Amino acid sequence: MRNTVKIQNLKCGGCANTIVTQLSKLDGISEVSVSNDTDEVSFTTASETDITTVKNKLSHLGYPVEGDANSLPKKAKSFVSCAVGRMSKTDDHLSS
């Protein structure tokens with residue numbers, strides 16, 4: 001089943017790269033995509049409970065779903081995730 005959630009703290013392609021990489025590692029989650037224009041994450045799940053798993057993972061990474069609490073620690077985590085995503089994207093590009 002295809003799902004889309006609107007998230008907070010999405011800033012750039014580095015953020016998107018981190019989100020796609022981390023969500024794709026979750027069991028039952030596939031076809032992850034991120035729209036920086038609309039602050040949305042789309043993904044396919046095997047079951048309804050997987051949606052909660054994705055939302056929890058996004059929050060843990062610093063990208064809580066819109067409407068959820070967006071504390072300073074979550075904002076800080078999103079900056080770290082952003083930087084890691086940028087470095088991973090650069091490393092992938094360099095090794096190609």
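Look above for the structure.
Everything quoted here is computed from the prediction, not taken from an experiment.

Calculation notes
- Residues numbered from 1 in each chain as written.
- Predicted model: local features only at pLDDT ≥ 70, side-chain atom pairs only at ≥ 80, totals over all residues.
- Heavy atoms only, no water.
- Core = buried A, V, L, I, M, F, W, Y, C linked by side-chain atoms within 4.5 Å.
- Buried < 20%, exposed > 50% of the residue type's maximum accessible area, 1.4 Å probe, protein only.
- Helix = DSSP H or I, 4+ residues; strand = E, 2+ residues; numbered from the N terminus.
- Contact = heavy atoms within 4.5 Å.
- Pairing = 2+ DSSP bridges.
- Axes fitted to C-alpha atoms, helices over the stretch in contact; angles between N-to-C directions.

Chemist: Kindly report on the nonpolar core, identifying the contributing residues and their values.
Modeler: Ile 7, Ile 19, Leu 23, Val 41, Phe 43 and Leu 58 are the most contacted members of the largest nonpolar core, which has 18 residues in total. Those elements that provide at least two residues to this core are α1 (13-24), β2 (29-35), β3 (40-45) and α2 (49-61). At four residues, α2 tops the list of elements feeding residues into this core. Other than its neighbours up to four places away in sequence, Ile 7 contacts Ile 19, Asp 39, Val 41, Leu 58, Tyr 63, Pro 64, Val 65 and Glu 66.

Chemist: Any details on the environment of Thr 53? Residues and values, ideally.
Modeler: Looking at where Thr 53 falls in the secondary structure, it is placed in helix α2. Relative accessible area serves as the criterion here: at 36%, Thr 53 is assigned to the partly exposed category.

Chemist: Please give an account of the sheet that holds strand β1 (residues 2-6) that cites residues and values.
Modeler: On the basis of which strands lie adjacent, the open sheet formed by three strands has the order β1-β3-β2 and antiparallel pairing. Every interior strand has two partners, whereas the edge strands, β1 and β2, have only one. Sheet twist, expressed as the average angle between the axes of neighbouring strands with direction ignored, equals 20°. Examined bridge by bridge, β1 and β3 share five bridges and lie antiparallel to one another. Across the sheet, residue Lys 6 finds its bridge partner in β3, namely Glu 40. Relative to the sheet, α2 contacts β1, β2 and β3, its axis offset from that of β3 by approximately 145°.

Chemist: Which residues make up unusual backbone geometry, and what values go with them?
Modeler: In this structure, Asn 9 takes a positive phi of about 75° despite not being glycine. Inspection of the secondary structure assignment puts Asn 9 in the loop between β1 and α1. By relative accessible area, Asn 9 is classed as buried at 17%. Backbone geometry at Asp 39 places phi at a positive 60°, although glycine is not the residue there. Judged by relative accessible area, which is 26%, Asp 39 ranks as partly exposed.

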